[in-house]
Amino acid sequence: MATTTNQIFIAVIGAGGVGKCFLSQLATLAARRPTPKLSLCYISSSKKAVFNADYSIGIENALQELASSSKQPLSLPQLADHLAAAPSKAIVVDNTSSQDVADAYPLFLSRGISIVTPNKKAFSGSYKLWQDIFTAAATAGSKVYHESSVGAGLPVISTLKDLVDTGDEVTKIEGVFSGTMSFLFNSFAPVEGSGGQWSAEVKKAKELGYTEPDPRDDLNGLDVARKLTILARLAGLPVESPTSFPVQSLIPKELETVSSGDEFLEKLPGFDSQMEETKAAAEKQGKVVRFVGSIDVASRSVKVGLEMFDKSHPIAALKGSDNIISFYTKRYGSNPLIIQGAGAGGDVTAMGVTSDLIKVLSQIA
Ligand SMILES: NC(=O)c1ccc[n+]([C@@H]2O[C@H](COP(=O)([O-])OP(=O)(O)OC[C@H]3O[C@@H](n4cnc5c(N)ncnc54)[C@H](OP(=O)(O)O)[C@@H]3O)[C@@H](O)[C@H]2O)c1
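Since the structure is predicted, the reported quantities are computational estimates derived from the model, not experimental observations. (Residues numbered from 1 in each chain as written. Predicted model: local features only at pLDDT ≥ 70, side-chain atom pairs only at ≥ 80, totals over all residues.)

**Student:** I'm lost on the overall build of the chain in this one. Help?
**Tutor:** Secondary structure assignment for the chain yields 15 helices and 11 strands. Taken over C-alpha atoms, the radius of gyration comes to 22 Å for the chain, in line with the 21 Å a tight globule of 365 residues would show. Based on the C-alpha atoms only, the size of the chain along its principal axes is roughly 70 × 50 × 35 Å. Put simply, 71% of the contacts in the chain that link residues at least 6 apart link residues at least 24 apart. (Helix = DSSP H or I, 4+ residues; strand = E, 2+ residues; numbered from the N terminus. Rg over C-alpha atoms; globule rule 2.2 N^0.38 Å. Contact = placed C-beta atoms within 7 Å.)

**Student:** Would you take a moment to explain the domain arrangement of the chain for this structure?
**Tutor:** As a measure of interface size, the accessible area lost when the parts come together is often cited. What the domain assignment reports for the chain is domain 1 (7–153 + 347–364) and domain 2 (156–342). Centre-to-centre separation of domain 1 and domain 2, based on C-alpha positions: 30 Å. The interface is formed by 14 residues belonging to domain 1 together with 18 residues belonging to domain 2. Listing elements by their share of the side of domain 1 that touches domain 2, those giving two or more residues are α6 (121–124) and α7 (127–140). Here the residues of the side of domain 1 that touches domain 2 sort into six nonpolar, six polar and two charged. (Domains from an automatic or database assignment. Nonpolar A, V, L, I, M, F, W, Y, C, P; charged D, E, K, R; others polar.)

**Student:** Explain the pairing of strand β9 (residues 301–310) to me, please; I cannot follow it from the model alone.
**Tutor:** Here is the key point about a regular strand: its side chains alternate between the two faces of the sheet. For strand β8 (residues 287–296) and β9, the ladder comprises 10 bridges, and the chain directions are antiparallel. Note that in β9 the partner of Phe291 across the bridge is Leu306. Between the end of β8 and the start of β9, which pair antiparallel, lie four residues, with Arg300 showing a positive phi angle near 55 degrees. (Pairing = 2+ DSSP bridges.)

**Student:** How do you make sense of the site of the ligand when you look at a structure like this?
**Tutor:** The full set close to the ligand counts 27 residues, and Gly14, Gly16, Val18, Ser46 and Ser97 are the nearest of them. Counting only elements with at least two residues in the shell around the ligand, the list comes to α1 (17–32), α4 (99–103) and α15 (346–364). The biggest single contributor to the shell around the ligand is α1, with three residues. A per-class count over the shell around the ligand returns eight nonpolar, 16 polar and three charged. (Near = placed C-beta within 6 Å.)

**Student:** Would you explain the sheet that holds β8 in this entry?
**Tutor:** Remark on secondary structure: sheet strands pair via backbone hydrogen bonds, oriented parallel or antiparallel. Pairing in this open sheet of five strands is antiparallel, and the strands run β9-β8-β7-β10-β11 from one edge to the other. The open sheet has two free edges, formed respectively by β9 and β11 (337–342), since each of these has just one partner strand. For this sheet the average axis-to-axis angle between neighbouring strands, irrespective of direction, equals 25 degrees. Sheet topology places strand β10 (residues 322–329) next to β11; six bridges connect them, and they run antiparallel. Within the sheet, the bridge partner assigned to Ser326 lies in β11 and is Ile338. Across the face of the sheet, helix α8 (residues 156–165) comes into contact with β7 (170–176), β10 and β11 while running at roughly 5 degrees to β10. Against the sheet, helix α9 (residues 179–188) contacts β7, β8 and β10, and its axis sits at roughly 155 degrees relative to β8. (Axes fitted to C-alpha atoms, helices over the stretch in contact; angles between N-to-C directions.)

**Student:** Looking at this structure, I do not really get the UniProt feature "domain: Homoserine dehydrogenase catalytic" (unreviewed entry) in the chain. What am I missing?
**Tutor:** Per the UniProt annotation, the sites labelled "domain: Homoserine dehydrogenase catalytic" (unreviewed entry) are residues 155–358. Measuring from the first to the last C-alpha atom of residues 155–358 gives 14 Å, for a span that is 39% helix and 20% strand. (UniProt positions renumbered as here; feature names shortened; annotations may be inferred.)

**Student:** Teacher, can you tell me more about the sheet that holds strand β2 (residues 37–44) here?
**Tutor:** With mixed pairing, the six strands of this open sheet are ordered in space as β3-β2-β1-β4-β5-β6. Taken across any chain shown, the strands that pair with only one partner, and hence form the sheet edges, are β3 (49–51) and β6 (144–145). Of the pairings in the sheet, the one linking strand β4 (residues 90–94) to strand β5 (residues 114–116) comprises three bridges and is parallel in character. Residue pairing in the sheet places Ile91 in a bridge with Ser114 of β5. Contacts from helix α3 (residues 76–84) reach β1 (7–13), β2, β3 and β4 within the one sheet, and its direction differs from that of β1 by about 165 degrees.

**Student:** Sorry if this is basic, but what is going on with the nonpolar core here?
**Tutor:** Ile10, Ala11, Val12, Ile43, Ile91 and Val93 are the most contacted members of the largest nonpolar core, which totals 105 residues. Taken together, domain 1 (7–153 + 347–364) and domain 2 (156–342) each give at least three residues to this core, which thus spans both. Excluding its chain neighbours within four sequence positions, the residues that come into contact with Ile91 are Ile8, Ile10, Ile113, Ser114, Val116, Leu357 and Val360. (Core = buried A, V, L, I, M, F, W, Y, C linked by C-beta atoms within 7 Å. Buried ≥ 20, exposed ≤ 12 C-beta atoms within 10 Å, placed from the backbone.)

**Student:** Looking at this structure, I do not really get the environment of Glu60. What am I missing?
**Tutor:** Checked against the element boundaries, Glu60 lands in the loop between β3 and α2 (62–68). Accessibility expressed as a C-beta count within 10 Å gives 13 for Glu60, which makes it partly exposed. Separated by 32 residues in sequence, Glu60 and Thr28 have C-alpha atoms that sit 9.9 Å apart.

**Student:** Please explain α3 as it appears in this structure.
**Tutor:** Since the α-helix turns once every 3.6 residues, residues separated by three or four places project in the same direction. What α3 keeps buried is the set Leu79, Ala80 and Leu83. Along the axis of α3, the buried positions cluster into a sector of 100 degrees, meaning they face one direction only. Among the exposed residues of α3, those pointing more than 90 degrees away from its buried face are Pro77, Gln78 and Asp81. Elements that come into contact with the buried residues of α3 comprise β1, β2, β4 and α5 (105–110). (Arc of directions from axis to C-beta.)

**Student:** Can you walk me through unusual backbone geometry in this structure?
**Tutor:** Excluding glycine, a negative phi dihedral is what most residues carry, and trans is how most peptide bonds are arranged. Cis geometry is found at the peptide bond from Thr35 to Pro36, where omega equals -10 degrees. Mapped onto the secondary structure, Pro36 falls in the loop between α1 and β2. A positive phi angle, near 50 degrees, is found at Ala152, a position not held by glycine. With respect to the helices and strands, the residue Ala152 is situated in the loop between β6 and α8.

If you want it as structure tokens, here you go:
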């Protein structure tokens with residue numbers, strides 16, 4: 001195959017909720033922008049893959065081909081070799097939540113392969129991995145973008161980078177970073193009305209598909225802590241890991257070790273009084289309780305947990321499962337720059353991934 005600079009090869013790892021929506025957006029993008037030609041050259045789930053010697057897979061039929069494929073995925077070093085040997089530059093789109101794939105970013109980047117991803121693992125794991133990723137990219141000239149790793153398609157990371165790069169001083173970042181926590185607290189402690197029982201709201205959130213299969217994976221606060229780690233690092237704080245600052249878990253101690261999510265939900269009503277007390281204490285002050293993350297840049301402190309807010313505060317007035325992120329900066333003064341909207345969902349998350357892809361294309365093609 002002849003080398004061409006007007007073609008970019010795209011390898012998609014992960015074809016779940018976000019991966020499927022991304023493929024549909026990629027098909028539209030490839031049709032709308034003929035140059036550079038966007039060629040899907042690899043797609044994989046955890047067990048299957050599609051790839052061939054001429055680096056060409058039809059985007060429209062990729063999911064059917066994947067479903068009927070008998071090929072196993074390449075190992076990550078094999079995939080790096082395959083892409084480095086492509087006739088033109090390649091981009092890996094990691095739509096998994098895999099730590100193994102995240103750990104391979106420095107390898108891909110050092111071989112000139114760019115990365116776009118909604119996967120939080122690489123940017124919220126050890127600080128060494130973060131440094132290895134950005135050093136590899138800077139050295140090889142490859143690009144790495146991860147807008148959807150915080151707030152799905154909301155322009156959170158690009159906004160923070162723009163604030164920092166243009167010389168504004170970010171003093172504080174505060175917000176509701178989890179759609180699940182947003183939904184739970186907006187219905188448990190609404191601004192108007194009394195709200196439901198805590199355990200009943202958790203059960204409802206699970207039934208509506210807002211929680212992980214085991215709701216404890218949302219209630220432990222780690223997902224929010226990972227997002228805070230990413231933003232704190234971008235704001236210039238060398239946070240070591242998502243467990244290196246205070247994170248409040250909403251899992252009662254006694255239920256930490258029960259064996260299943262179902263058993264947890266069964267036993268949770270026995271602990272409703274703890275959350276009721278918190279709600280009543282806030283109500284007494286005319287406030288509501290919310291699960292938030294905050295980064296105080298000046299005091300270098302990061303924390304995740306319950307806070308009380310006046311009912312007129314934008315965080316209190318959030319609706320449904322929306323996210324809200326407020327940037328307090330020197331330029332914006334006492335009225336923060338606020339970003340708000342859906343922080344989860346396949347289509348909006350894929351939008352962040354596709355817009356990152358467009359940014360990479362504008363720099364490498
Ligand atoms: N969904 C959202 O609203 C949302 C919002 C923001 C960010 N994100 C992030 O977006 C990413 C994808 O989320 P999702 O909801 O699409 O997850 P998902 O539906 O569980 O899909 C994950 C996909 O990755 C594949 N996979 C897992 N490990 C793999 C590996 N080692 N190699 C190759 N493929 C692998 C899975 O394959 P199998 O099917 O074979 O297991 C599956 O196709 C995650 O990092 C998530 O945190 C999602």
